[in-house]
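One letter stands for each residue in the lines below.
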Amino acid sequence: MPPDAGAAAHFRALEALYAAAPINRLFESRLEIVEAGVAHIHFSLDERHFHAAGAVHGTSYFKMLDDAAFYAANSLVTDRFLLTTAFNLLLTRPLKAGPVVAEGRWISGKRRVYVADARLIDADGEEAARGTGTFMRSQIPLSGLPGYRAA
């Protein structure tokens, strides 16, 4: 079922907010809010993201998983920016250079605290990592953030 116009505008505004975040100048990536509670982020990784042994460093895993889970949760909140309060990671395979999709999904919570998980899927379609986070409503209005704008 397609989202209503208000939800679709919120999703596009969150995608614009993601694109405007200064940290994302370091990562070739694109957010796609698929539906309420579901976010995909398409990343392209290269040697800049590697540790000394030639695979992607754990900081990149965290960024990708946290972002996907965060935006899955924040897709359900139209007035406030959420904040990550905790995040657990399980790294199951090393990632090499190439495309990766972070798939985030809201699990529970609809008032103050939200729980969402995410997984990383490599170019071969294999899961490389997963994580679960808790996210809390902040006092920061989404409408006041640079980049949050309706399409």
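The paragraphs below set out a description of the structure included in this document. For clarity, every value in this text was computed on a predicted model and none was experimentally measured.

Reading the values: the criteria
Residues numbered from 1 in each chain as written. Predicted model: local features only at pLDDT ≥ 70, side-chain atom pairs only at ≥ 80, totals over all residues. Heavy atoms only, no water. Pairing = 2+ DSSP bridges. Helix = DSSP H or I, 4+ residues; strand = E, 2+ residues; numbered from the N terminus. Axes fitted to C-alpha atoms, helices over the stretch in contact; angles between N-to-C directions. Contact = heavy atoms within 4.5 Å. Salt bridge = Lys/Arg side-chain N within 4 Å of Asp/Glu carboxyl O. Buried < 20%, exposed > 50% of the residue type's maximum accessible area, 1.4 Å probe, protein only. Polar contact = N/O pair within 3.5 Å; in protein donor to acceptor, adjacent residues only side chain to side chain. 1 Å grid on protein atoms, 1.4 Å probe; cavity = no way out; pocket = protein on both sides within 12 Å on 5 of 7 lines; lining within 4 Å. Points joined across faces, edges and corners; volume = space filled by probe spheres on them. Expected span 1.5 Å × (residues − 1).

The six strands lie next to each other as β1-β2-β4-β5-β6-β3, forming an open sheet whose pairing is antiparallel. Both outer strands of the open sheet, β1 (28–35) and β3 (80–91), are each paired with one neighbouring strand and no more. Going from strand to strand, the sheet's axes swing by 25° on average, the running direction of each strand aside. Relative to strand β6 (residues 127–141), strand β5 (residues 113–121) is paired through nine bridges, and the arrangement is antiparallel. Its bridge partner lying in β6, Val 115 is registered against Thr 134. Seen against the sheet, helix α1 (residues 5–20) touches β1, β2 (38–45) and β3 and runs at an angle of roughly 165° to β1. Against the sheet, helix α2 (residues 58–74) touches β1, β2, β3, β4 (98–108), β5 and β6, its axis set at about 135° to β3.

All chains considered together, the criterion is met by nine salt bridges. Notably, a salt bridge pairs Asp 79 with Arg 137, separated by 2.9 Å at the nearest N-O pair. Placement of Asp 79 in the loop between α2 and β3 and of Arg 137 in strand β6 is noted, with a sequence separation of 58 residues between them. The closest approach of N and O atoms between Asp 122 and Arg 93, which form a salt bridge, is 3.4 Å. Taken together, the positions of Asp 122 in the loop between β5 and β6 and Arg 93 in the loop between β3 and β4 put the pair 29 residues apart, joining distant regions of the chain. Connected through salt bridges with shared partners, the residues Glu 103, Arg 119, Glu 127 and Arg 130 form a single ionic network.

What follows concerns the side chain of Asp 117. In this fold, Asp 117 is placed in strand β5. Classification of Asp 117 as buried rests on a relative accessible area of 12%. Only 2.7 Å separates the side chain of Asp 117 from the side chain of Arg 105, close enough to count as a polar contact. Ignoring sequence-local partners within four residues, the contact set of Asp 117 consists of Ala 69, Glu 103, Gly 104, Arg 105, Ile 107, Gly 131 and Thr 132.

Another aspect to go through is the layout of surface pockets. The calculated volume of the largest pocket comes to roughly 280 Å³. As for the largest pocket, its lining consists of 18 residues, of which Ala 21, Ile 23, Phe 70, Tyr 71 and Phe 81 are closest to the centre. For the lining of the largest pocket, the elements supplying multiple residues, two or more each, are α1, α2 and β3. Here the lining of the largest pocket gets five residues from one element, more than from any other, and that element is α2.

We now examine α2. The end-to-end C-alpha distance of α2 is 24 Å, a good match for the 24 Å that 17 residues give at a rise of 1.5 Å each. By the criterion of burial, α2 is predominantly enclosed, with 14 of the 17 residues buried.

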